[in-house]
Amino acid sequence: MKDSASIITYLTIFFNAWLLNYFHGVSAFSFASNTTTNSNSNAHDFTLSSFLHRLKDNGLENMELIDMIFCGCIIILGMEFMDMTTKQMGRLLKLKTIPVRGKHLDDLEAIDMLYITLNKIATVPFVYCLVKYMYNEPNAVWALDSLTLQNTLLTIPPFFIIYDFFYTILHWALHIQAVYGYIHKHHHRQKAPSRANMDAVNVHPIEFFLGEYNHLLAIYIYCHVLGMKMHVVALNTIFSLSPILTGLNHTRWDSKVSILGWTLYDSKWHDVHHRIPQSNYGQYTNFWDLVFRTFRPYNPEDRVNPENQLGENGKSLNYGKK
């Protein structure tokens, strides 16, 4: 059943992406027919490839409304695709699961769905601001023939280090008692995340805004302040990794990235944070938690309540019991 549901979800996402591309081409063709005298134009000139050429030639400032709507829909579909991929990664890679120790939020309330929806929508203007910044940033590299190791792969580690420096401080600040109840407390209603990006973006919109635009701050510091080159291929890689790592932080999959025995990322660190909030404030790494002495390692010997484990329906085994 799970395999069938996953296949149907993927097919639905791809079908909607194709449908958007097709009707965007038709709409753009209709618009062009009314504004040009070129009788040789055809619908194929106004699909995705043509849109990318118009974007390159005219700039973001001259995008048509239909193009903006098209981009927004594609971004939302892309988020759903990344969310589904994150959920399936554990099974594909045959990862172990993290036992549930905190109380799982079995039912999402209206406020949860409102925040999740608002934050997904808020991703669209963020992506616009991000692309526009890179479009105008002198140290952003767009030409494929200028792609090098230094402006692609070597940009990724410093980006995450810069991002997590500010995110760790922000996250710590959101746990200050005078602030906690107004913003971050909502996210910590879930003490055993399991729904990947749905649990990840189930935060107060103010928190989502600050965390999301922190990515833009990190790029600004890397490119503008430090004067380093960053290729858009690196940007695409970063923003493919980010939702996957953040999503895995909010699943039960025991996922970890290690190089030469040094663990760079471990989803169990964030699981500890949801149970013991005054620890592990970093999003992607534990580097700054080690520096600030807020790191708390995962202890596999911590007590596990069998009834708190999740069933096939994604809810606690004791769900519905009094």
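Going by the structure above, here's the rest.
Let me sum up the structure you'll find in this document. Only a predicted model underlies this, so the values are computations on that prediction, with no experimental measurement involved.

1. Details of the overall build of the protein
Piece 1. Counting secondary structure elements, the protein contains eleven helices and four strands.
Piece 2. Relative to all contacts within the protein whose residues are 6 or more apart in sequence, the contacts with residues 24 or more apart total 72%.
Piece 3. About 17,800 Å² of surface is accessible on the protein, with carbon and sulfur atoms providing 65% of the total.

2. With respect to the environment of D266
Piece 1. You can see D266 is positioned in strand β4 (residues 262-266).
Piece 2. Note on D266: relative accessible area 7%, which makes it buried.
Piece 3. Sequence-distant contacts of D266, defined by excluding residues within four places in its chain, comprise N249, D254, S255 and K256.

3. Section: helix α10 (residues 267-275)
Piece 1. Within α10, nine of the nine residues are buried, leaving the element largely enclosed by the surrounding structure.
Piece 2. All of the buried residues along α10 are S267, K268, W269, H270, D271, V272, H273, H274 and R275.
Piece 3. Taken together, the buried residues of α10 touch α5 (156-174), α9 (232-248) and β4.
Piece 4. A distance of 2.9 Å separates the backbone nitrogen of K268 from a side-chain oxygen at the start of α10, and that oxygen is part of D266.

4. What about the nonpolar core?
Piece 1. Grouped together as the largest cluster of nonpolar side chains are 32 residues, with contacts concentrated most on M134, F159, I219 and M230.
Piece 2. If you list the elements that add at least two residues to this core, you get α4 (110-136), α5, α8 (205-225) and α9.
Piece 3. Of the residues forming this core, the biggest block, eight residues, is contributed by α5.
Piece 4. Leave out the neighbours within four places in its chain, and M134 touches A140, W142, I219, M230, V232 and L235.

5. A short note on a nonpolar patch on the surface
Piece 1. Taken together, the side chains of I169, W172, I176, F287, V291 and F292 make up a nonpolar region of the molecular surface, amounting to roughly 520 Å² of accessible area.
Piece 2. Assignment of secondary structure puts F292 in helix α11 (residues 287-292).
Piece 3. By relative accessible area, F292 is classed as partly exposed at 37%.

6. Re the environment of C71
Piece 1. Looking at the secondary structure, you find C71 in helix α3 (residues 65-92).
Piece 2. Here the alpha-carbon distance between C71 and V127, two residues 56 residues apart in the chain, equals 9.5 Å.

Definitions and cut-offs
Residues numbered from 1 in each chain as written. Predicted model: local features only at pLDDT ≥ 70, side-chain atom pairs only at ≥ 80, totals over all residues. Heavy atoms only, no water. Helix = DSSP H or I, 4+ residues; strand = E, 2+ residues; numbered from the N terminus. Contact = heavy atoms within 4.5 Å. Areas by Shrake-Rupley, 256 points an atom, 1.4 Å probe, with all protein chains shown as cover. Buried < 20%, exposed > 50% of the residue type's maximum accessible area, 1.4 Å probe, protein only. Polar contact = N/O pair within 3.5 Å; in protein donor to acceptor, adjacent residues only side chain to side chain. Core = buried A, V, L, I, M, F, W, Y, C linked by side-chain atoms within 4.5 Å. Patch = residues over 30% accessible without salt bridge, like charges linked within 9 Å, V, L, I, M, F, W, Y side chains within 5 Å. Salt bridge = Lys/Arg side-chain N within 4 Å of Asp/Glu carboxyl O.

By themselves, these are just geometric observations and shouldn't be taken as functional.
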